Amino acid sequence: MSVDYTQVFQDPSAVEKYAERTYARGTFSSIVSARQTGWLRGFVPTAFEVPPVHHDFACGTGRVARMLAGLVETSHGYDTSEAMLAKSRELGTPGHAHLVQPGGAAPEIVPGRPALVTAFRFVLNVDDILRDQLMEFASAALPDPEAGLLMVENHGNTASLRHLRRTFGRMDASMWFRELSHGQMRELLDRHGYELVGMQGFTLFTQGCYRRPWAWASKGVDALLASPLSKRCTDVVYIARRR
């Protein structure tokens, strides 16, 4: 994709396509999102003694805030795209949406409340400068180990079938095909003073495997094995806390 990622979703038509087609009912992305929702709704109440304040970096259409509805004290979403935030409001996302300038996001700290910082479908698509901005944002909300948790999604794990698709598939790798390894994710977290405390995978397969005639088998295997084989999943969420 020749256009810088941060500029793509300034266009309302791109936002509409992303929200209404990419996450349309029954698509690969919507199935993975549903798995994430189920896991988050089981994990968050056990990880926090009281509902945390949720800070969603690059919140987009507010998908993660909707996943966590009713489980957090409140959600704050931060994005540079007014078109994304407008779609978020249209979809009924709970909480507060903040339009920010690039590099200008600052978490709304609530004294006495733990925080949950999320960044889904972000780190894979941006450069190291923007990844560092995410981590600086997270550190402002999570100044110490007791402050809460950070969750970062990598939806292009190198140690997965996605890498084989790049290696052997009929694809122009100069277009939109990026990957991050577990080592790169660990290095990012470690460099900013975070300890990896867990990871959760959601699909071993790529989007193509969810098309006929393989869809039924891929869905069944993922439902059974994606969690225990998280390190081999295409889509992985890393859970970390400050050291």
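Refer to the structure printed above.
Residues numbered from 1 in each chain as written. Predicted model: local features only at pLDDT ≥ 70, side-chain atom pairs only at ≥ 80, totals over all residues. Heavy atoms only, no water.

On to the overall build of the chain, then. Helix and strand counts for the chain stand at 9 helices and 7 strands. In terms of overall dimensions, the chain is globule-like: its C-alpha atoms have a radius of gyration of 17 Å, near the 18 Å expected for 243 residues. When contacts within the chain are restricted to residue pairs at least 6 apart in sequence, those whose partners lie at least 24 apart make up 71%. Accessible area for the chain stands at about 12,100 Å²; split by element, carbon and sulfur atoms hold 54% of it. (Helix = DSSP H or I, 4+ residues; strand = E, 2+ residues; numbered from the N terminus. Rg over C-alpha atoms; globule rule 2.2 N^0.38 Å. Contact = heavy atoms within 4.5 Å. Areas by Shrake-Rupley, 256 points an atom, 1.4 Å probe, with all protein chains shown as cover.)

With that out of the way, let us pick up the environment of R178. Structurally, R178 is set in the loop between α7 (161-168) and α8 (182-191). For R178, a relative accessible area of 35% gives the class partly exposed. Counting along the chain gives 52 residues from R178 to V126, while the straight-line C-alpha distance between them is 9.4 Å. Residues in contact with R178, not counting those within four places in the same chain, are L124, N125, V126, G156 and R162. (Buried < 20%, exposed > 50% of the residue type's maximum accessible area, 1.4 Å probe, protein only.)

Now for the nonpolar core. Core analysis: the largest hydrophobic core is formed by 53 residues, its most contacted members being L40, L134, L142, L150, M151 and Y194. Contributions of two or more residues to this core are made by α3 (28-47), α4 (63-67), β4 (115-119), α6 (128-141), β5 (148-154), α8, β6 (194-203) and β7 (235-242). Excluding anything up to four places from it in sequence, L150 contacts V117, M135, A138, L142, L189, Y194, Y238, I239 and A240. (Core = buried A, V, L, I, M, F, W, Y, C linked by side-chain atoms within 4.5 Å.)

Now for the packing of aromatic side chains. Pairs of aromatic rings are described using the distance from one ring centre to the other and the angle between the two planes. All told, the structure shown has 8 aromatic pairs when counted by the stated rule. Between W39 and F43, the aromatic rings sit 5.0 Å apart at their centres with planes inclined by 20°, giving stacked as the arrangement. Remark: F43 and W39 occur in helix α3; sequence separation between them is 4 residues, near one turn of the helix. By relative accessible area, which is 23% here, F43 ends up partly exposed. For the ring pair Y78 and F137, a centre distance of 5.0 Å and an interplane angle of 70° mean the geometry is edge-to-face. Note that Y78 is positioned in strand β2 (residues 74-79) and F137 in helix α6, a separation of 59 residues in sequence. (Phe/Tyr/Trp six-rings, centres within 6.5 Å; stacked < 30°, edge-to-face > 60°.)

So, about the packing of helix α2 (residues 12-22) against helix α5 (residues 82-90). Between α2 and α5, whose axes approach to 9 Å, the crossing angle comes to 45°. By the angle class used here, α2 and α5 are oblique. Crossing handedness for the pair α2 and α5: right-handed. Every residue of α5 that contacts α2 at P12, V15, E16, Y18, A19 and E20 is listed here: A83, M84 and K87. Residue composition of the contact of α2 with α5, grouped by class: 6 nonpolar, no polar and 3 charged. (Axes fitted to C-alpha atoms, helices over the stretch in contact; angles between N-to-C directions. Parallel < 35°, antiparallel > 145°, perpendicular 65-115°, else oblique. Left-handed = near helix turned anticlockwise from the far one by under 90°. Nonpolar A, V, L, I, M, F, W, Y, C, P; charged D, E, K, R; others polar.)

Functional significance is not addressed by these values, which are geometric in nature.
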